[in-house]
Amino acid sequence: MKKITSVFVCFIICCCVSLFAKEIPLTMNSAKWGYSPGAEFPGAIGKLTWLKNGVLRLDGDFTGGGDYVMAFMGCKLSHTDAECLWAEIRTNGSAVTFRVQDGAGKMHQYQVPVQGTGKWQRIEQPLVFSGCSWGGPDNKRFTPGIIYVGCLVRKTTSPPDRNSYLEVRRIGAKVKEATK
């Protein structure tokens with residue numbers, strides 16, 4: 001019951017944010033993105049590549065263990081009024097995990113269920129409280145602002161063969177629209 005209530009609350013927040021927000025795209029420049037093999041959980045093999053059409057592709061092979069591989073923006077962001085993160089993605093996994101550092105420097109992770117069909121889909125994640133976070137007081141509550149963004153491919157949401165991919169063609173934030 002708690003899970004259904006949480007999903008419903010996130011849906012309502014997302015609808016409200018969509019009504020009074022404007023979208024700010026984040027850069028899809030290959031020089032701004034980096035790769036992490038999730039070294040604290042050894043065993044994953046991955047790679048970050050850029051396809052000809054400017055799409056970021058993250059591959060993860062978890063047959064040797066590990067927990068995740070990650071693509072991350074290697075530059076500091078300053079979207080102080082961001083309320084929602086959105087992306088156009090395709091994957092063969094069952095979820096995408098966003099890692100977001102908030103305006104107070106706390107790190108949050110949001111796992112967004114997706115269709116693992118390999119077709120393009122748009123996903124949105126309201127930036128409010130998070131179930132997995134660290135780095136400060138009241139660390140589950142999101143402090144407005146985005147400093148850092150990462151996209152993870154995880155072992156737990158990969159297909160049974162443990163090889164997964166994530167492609168991102170657009171990613172951005174929704175920010176409060178100034179009221180008149």
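Just so you know, these numbers come straight off a predicted model, no measurement behind them.

A. Broad picture of the confidence of the model for the chain. With 87% of its residues at a pLDDT of 70 or more, the chain shows a mean pLDDT of 86. Ranking the helices and strands of the chain by mean pLDDT puts strand 4 (residues 56-61) first, with 98, and helix 1 (residues 2-19) last, with 45.

B. Examining the pattern of salt bridges more closely. The full count for this structure, using the stated rule, is eleven salt bridges. Close ionic contact of Glu88 with Arg169 constitutes a salt bridge, the shortest N to O distance being 3.0 Å. With Glu88 in strand 6 (residues 82-91) and Arg169 in strand 12 (residues 163-176), the pair connects residues that are 81 residues apart, well separated along the chain. Its relative accessible area of 14% is what places Glu88 among the buried residues. Owing to a relative accessible area of 37%, Arg169 belongs among the partly exposed residues under this scheme.

C. Broad picture of the packing of aromatic side chains. Per the stated rule, a full pass over the model turns up two aromatic pairs. Considering the side-chain rings of Phe41 and Tyr68, the 6.3 Å spacing of their centres and the 70° angle between planes classify their relative orientation as edge-to-face. In this pair, Phe41 is assigned in the loop between strand 2 (33-36) and strand 3 (45-50) and Tyr68 in strand 5 (residues 68-73), connecting sequence segments 27 residues apart. With a relative accessible area of 39%, Phe41 lands in the partly exposed category. The class for Tyr68 is buried, based on a relative accessible area of 3%. A ring pair is formed by Phe72 and Tyr148, whose centres lie 6.1 Å apart and whose planes are at 20°; its orientation type is stacked. Pair noted here: Phe72 is in strand 5 and Tyr148 is in strand 11 (residues 146-154), with a separation of 76 residues, a long-range link. Seen from the ring of Tyr68, Arg99 lies directly overhead, with NZ or CZ sitting 5.0 Å from the centre. We note Arg169 situated over the ring of Trp120; from NZ or CZ to the ring centre the distance is 4.3 Å.

Reading guide: rules and limits
- Residues numbered from 1 in each chain as written.
- Predicted model: local features only at pLDDT ≥ 70, side-chain atom pairs only at ≥ 80, totals over all residues.
- Heavy atoms only, no water.
- pLDDT = per-residue confidence, 0-100.
- Helix = DSSP H or I, 4+ residues; strand = E, 2+ residues; numbered from the N terminus.
- Salt bridge = Lys/Arg side-chain N within 4 Å of Asp/Glu carboxyl O.
- Buried < 20%, exposed > 50% of the residue type's maximum accessible area, 1.4 Å probe, protein only.
- Phe/Tyr/Trp six-rings, centres within 6.5 Å; stacked < 30°, edge-to-face > 60°.
- Lys NZ or Arg CZ within 6 Å of the ring centre and 35° of its normal.

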